[in-house]
Amino acid sequence: MVGLLRGVARTAVVAGTATAVSNRVSRRQSGRWAQQDAQQQGAQQQVAPAPPPPPAAAPPADDMTTKIEQLKQLSTLKEQGVLTDEEFAEQKRRLLG
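Being a predicted model, the structure only gives us computed values, none of them experimental. (Residues numbered from 1 in each chain as written. Predicted model: local features only at pLDDT ≥ 70, side-chain atom pairs only at ≥ 80, totals over all residues. Heavy atoms only, no water.)

Caption draft 1: Spotlight on the overall build of the chain. Each helix and strand in the chain was counted, giving 3 helices and 0 strands. Scanning the chain from its N terminus toward the C terminus, one meets helices and strands in the order α-α-α. Once local pairs closer than 6 in sequence are excluded, the contacts in the chain between residues at least 24 apart make up 62%. A total of about 7,200 Å² of accessible surface is found on the chain, and carbon and sulfur atoms cover 57% of it. (Helix = DSSP H or I, 4+ residues; strand = E, 2+ residues; numbered from the N terminus. Contact = heavy atoms within 4.5 Å. Areas by Shrake-Rupley, 256 points an atom, 1.4 Å probe, with all protein chains shown as cover.)

Caption draft 2: How the structure looks around helix H3 (residues 85–96). The first and last C-alpha atoms of H3 sit 16 Å apart over 12 residues, in line with the 16 Å expected at 1.5 Å per residue. For H3, the full list of buried residues reads Phe88, Gln91 and Leu95. For H3, the arc enclosing every buried residue in end-on projection is 70°, short of the 170-degree limit, so these residues lie on one face. H3 presents Asp85, Glu86 and Arg93 as exposed residues on the side facing more than 90 degrees away from its buried surface. Looking one or two residues past H3, glycine 97 carries a phi angle of roughly 70°, positive in sign. (Expected span 1.5 Å × (residues − 1). Buried < 20%, exposed > 50% of the residue type's maximum accessible area, 1.4 Å probe, protein only. Arc of directions from axis to C-beta.)

Caption draft 3: Here's a closer look at the nonpolar core. In this structure, Val14, Leu74, Leu77, Leu83, Phe88 and Leu95 together form the largest nonpolar core, which totals 6 residues. Breaking this core down by element, the ones donating at least two residues are helix H2 (63–79) and H3. Residues contacting valine 14, with those up to four places away along its chain left out, are Leu74, Leu77, Leu83 and Gln91. (Core = buried A, V, L, I, M, F, W, Y, C linked by side-chain atoms within 4.5 Å.)

Caption draft 4: The confidence of the model for the chain, seen in detail. In the predicted model, the chain carries a mean pLDDT of 78, and the fraction of residues at 70 or more is 77%. For the chain, the element scoring lowest by mean pLDDT is helix H1 (residues 2–47), at 78; H3 scores highest, at 88. (pLDDT = per-residue confidence, 0-100.)

Encoded structure:
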């Protein structure tokens, strides 16, 4: 019973960490793209009198980028000794479907 609870707790920690990291990466990328768009607009306004309208919104981070970030988190947890090889393999299998 203790082993089961420990496994469930680890899974919850891994899932929560992966979600937090994924959200943080998405916000950071959106901020960088917005900053680049603002810089490009400023340069275009100085050169051209009527610049074209900016893109509507930055595209969301694609699913593969999210999966790669989650895999990196899993490998970090494995290297730290939080996850065993079996737990790592199970989480990786679930993530990659």
